[in-house]
Amino acid sequence: MIDYLAQRRADLAQRCPYPVLLWAGDPPSRNFPANTYPFRASSHFLYFAGRPLPGAALLLAEGKATLFMDEPAPSAALWHGPTPSPAAQAEGIGAQAVYPLADLLQQTVDAVTLPPDLTQVSDRAMALVQSLVDLRLRHDDWALAEMRFAAQVSVQAHRAGMAATRQSTTEAEVRAAIEQVMIAHQCPCAYNSIVTTHGEVLHNEHYHHPLQPGDLLLVDAGAETPQGWAADITRTWPVSGQFLSPQRDLYNVVLAAHDACIAAARPGVEYRDLHLLACRTLAAGLVDLGILRGQPDDLVERDIHALFFPHGVGHLLGLDVHDMEDLGDWAGYAPGRQRSSRFGLGYLRLDRPLAPRMVVTIEPGFYQVPGLLTPARQSGQYDDAVNWERLEDFASVRGIRIEDDVLITQEGCDVLTAALPVVAEELEALVGGKG
Ligand code: GLY
Ligand code: MN
Ligand code: MN
């Protein structure tokens with residue numbers, strides 16, 4: 001581990017010619033100081049420190065790592081048990097020196113740190129941001145081992161959720177079965193789990209709906225390792241264990257988009273082109289089902305597909321589930337590129353050519369969002385392209401998303417979450433509706 005940390009620090013020094021100061025952050029308290037929210041260290045700190053050390057700061061300068069961290073309070077032994085000293089923590093992360101936080105200002109006068117407002121960055125801060133992006137875009141073997149572990153735990157968690165569905169009466173019970181697996185592996189959730197029969201609400205974080213036999217359950221849940229590396233998986237399965245016929249048809253359209261993107265993912269391919277491939281595949285499938293009319297290319301050009309697939313096909317994955325989005329689009333968009341104002345492209349979070357060791361998600365979906373479809377239908381504007389009456393046959397589908405985590409390799413890609421089935425009949429078998 002220390003070798004990887006040393007390499008990351010050396011790589012940063014090569015790119016950024018200034019002393020760099022990174023903060024871990026402190027857990028905010030809920031009401032009184034000792035009752036805190038769970039601590040999650042800043043990902044930039046974690047990348048170079050390797051351990052979540054509350055309140056600590058790391059100075060990287062002149063080939064040396066210096067940890068700033070206070071001794072635990074005298075009462076800590078009573079409330080929290082024995083805690084490693086700052087000196088022991090410094091040794092554990094391969095830091096060459098350690099000082100109390102009171103010494104920090106004096107020792108870091110020249111250091112550059114991440115500015116709170118990325119629209120107002122100095123040249124030095126800009127060099128730091130660009131260096132962090134360059135480093136964290138492509139993962140080393142230690143990071144990949146961590147992400148494989150997060151993926152493995154998340155796959156097991158989804159399997160537990162599928163197995164629990166038929167005995168569960170609410171979304172909350174399925175969520176409990178999923179998160180139980182993560183907790184048992186000492187992995188927090190990488191983000192708030194989505195476990196919902198209302199998948200049309202893209203980031204639905206309510207869990208109170210009763211599970212009804214004709215419902216689809218959309219589950220977007222992923223673990224992160226204790227060092228902070230994330231997984232991000234979505235599956236959509238029938239509560240009863242059997243897809244209704246219109247649900248199966250639409251599920252297979254989304255699956256075709258998912259499979260097409262994964263088949264095309266390799267170095268040099270533009271992620272934006274994968275997004276457009278997903279859009280065209282969805283549009284073609286919806287034409288085959290009689291929901292849309294026209295040529296898939298034309299439909300995508302007009303953003304008709306976005307009425308049903310309004311988000312981007314995915315994002316970077318790493319220490320954060322939307323990796324480095326704390327840096328705005330600095331990581332997601334290649335230099336000189338900007339978000340499109342087009343409805344069908346504006347939510348695209350990643351617009352770069354793929355390269356080996358990048359990890360991205362592939363997550364196409366189909367949603368019937370009343371807030372989008374009702375005004376679209378009322379406007380009459382899309383009547384040539386959308387067969388609204390035919391769409392009514394698919395009312396049992398509110399939201400479907402299928403999401404996997406994809407490592408770009410030298411030749412193609414490796415799906416880190418492939419151990420979790422995506423084929424409709426395999427999901428049915430896992431939910432247990434067929435036996
Ligand atoms: N879990 C959030 C996302 O898929 O982007
Ligand atoms: Mn995602
Ligand atoms: Mn997700």
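Going by the structure above, here's the rest.
Residues numbered from 1 in each chain as written. Chains lettered and ligands numbered in written order. Predicted model: local features only at pLDDT ≥ 70, side-chain atom pairs only at ≥ 80, totals over all residues. Heavy atoms only, no water.

Novice: Please explain the coordination of the manganese ion (ligand 2) as it appears in this structure.
Specialist: Octahedral six-donor coordination of a metal ideally yields angles of 90 or 180 degrees, compared with 109.5 degrees for tetrahedral four-donor coordination. Coordination sphere of the manganese ion (ligand 2), protein contribution only: D232 (OD), H315 (NE2), E363 (OE) and E403 (OE), at 2.0 to 2.2 Å. In this structure, the manganese ion (ligand 2) is coordinated by 6 donor atoms arranged in irregular fashion, with angles at the metal of 48 to 154°. When the donor residues of the manganese ion (ligand 2) are listed from N- to C-terminus, their spacing reads D-x82-H-x47-E-x39-E. In this structure, the manganese ion (ligand 2) is positioned 3.2 Å from the manganese ion (ligand 3), and both are ligated by D232. With H315 in the loop between α11 (296-301) and β8 (359-362) and E363 in the loop between β8 and β9 (365-367), this residue pair connects regions lying 48 residues apart in the sequence. Exposure remark for H315: the relative accessible area of 2% places this residue in the buried category. Given the relative accessible area of 8%, E363 is considered buried. (Donors = N, O, S within 2.8 Å, 3.2 Å for Na, K, Ca; no water. Tetrahedral: all angles 85-135°; square planar, octahedral: opposite > 155°, others 65-115°. Helix = DSSP H or I, 4+ residues; strand = E, 2+ residues; numbered from the N terminus. Buried < 20%, exposed > 50% of the residue type's maximum accessible area, 1.4 Å probe, protein only.)

Novice: Would you take a moment to explain the pairing of strand β7 (residues 233-238) for this structure?
Specialist: Side-chain positions along a regular strand alternate between the two faces of the sheet. Along β7, 6 of the 6 residues are buried, which leaves the element largely enclosed by surrounding structure. Every second residue of β7 is oriented toward a common face, with I233, R235 and W237 on one face and T234, T236 and P238 on the other, all of them buried. Pairing geometry for strand β6 (residues 216-221) and β7, over 6 bridges, is antiparallel. Along β7, the bridge assignment pairs L216 with P238. (Pairing = 2+ DSSP bridges.)

Novice: Whenever I open this one, the coordination of the manganese ion (ligand 3) confuses me. Can you help?
Specialist: On the protein side, the manganese ion (ligand 3) has D220 (OD), D220 (OD), D232 (OD) and E403 (OE) as donor atoms, found 2.1 to 2.3 Å from it. Because the angles between the 6 donor atoms bound to the manganese ion (ligand 3) fall within 57 to 170°, the donor set is best described as irregular. Look at D232 and you get buried, because its relative accessible area is 3%. Residue E403 is classed as buried on the basis of its relative accessible area, which comes to 0%.

Novice: How should the pattern of salt bridges be read in this particular structure?
Specialist: Opposite charge on two side chains lets them pair, provided their charged atoms get close. Scanning the model with the defined rule gives 24 salt bridges in all. Residue D414 pairs with R148 through a salt bridge whose shortest N-O separation is 3.1 Å. Here the residue D414 occupies a position in strand β12 (residues 413-415), and R148 occupies one in helix α7 (residues 141-165), the gap between them amounting to 266 residues. The class of R148 is partly exposed, set by a relative accessible area of 39%. A salt bridge links R339 to D329; its shortest N-O distance comes to 2.8 Å. (Salt bridge = Lys/Arg side-chain N within 4 Å of Asp/Glu carboxyl O.)

Interpretation in functional terms is not warranted from these geometric data alone.
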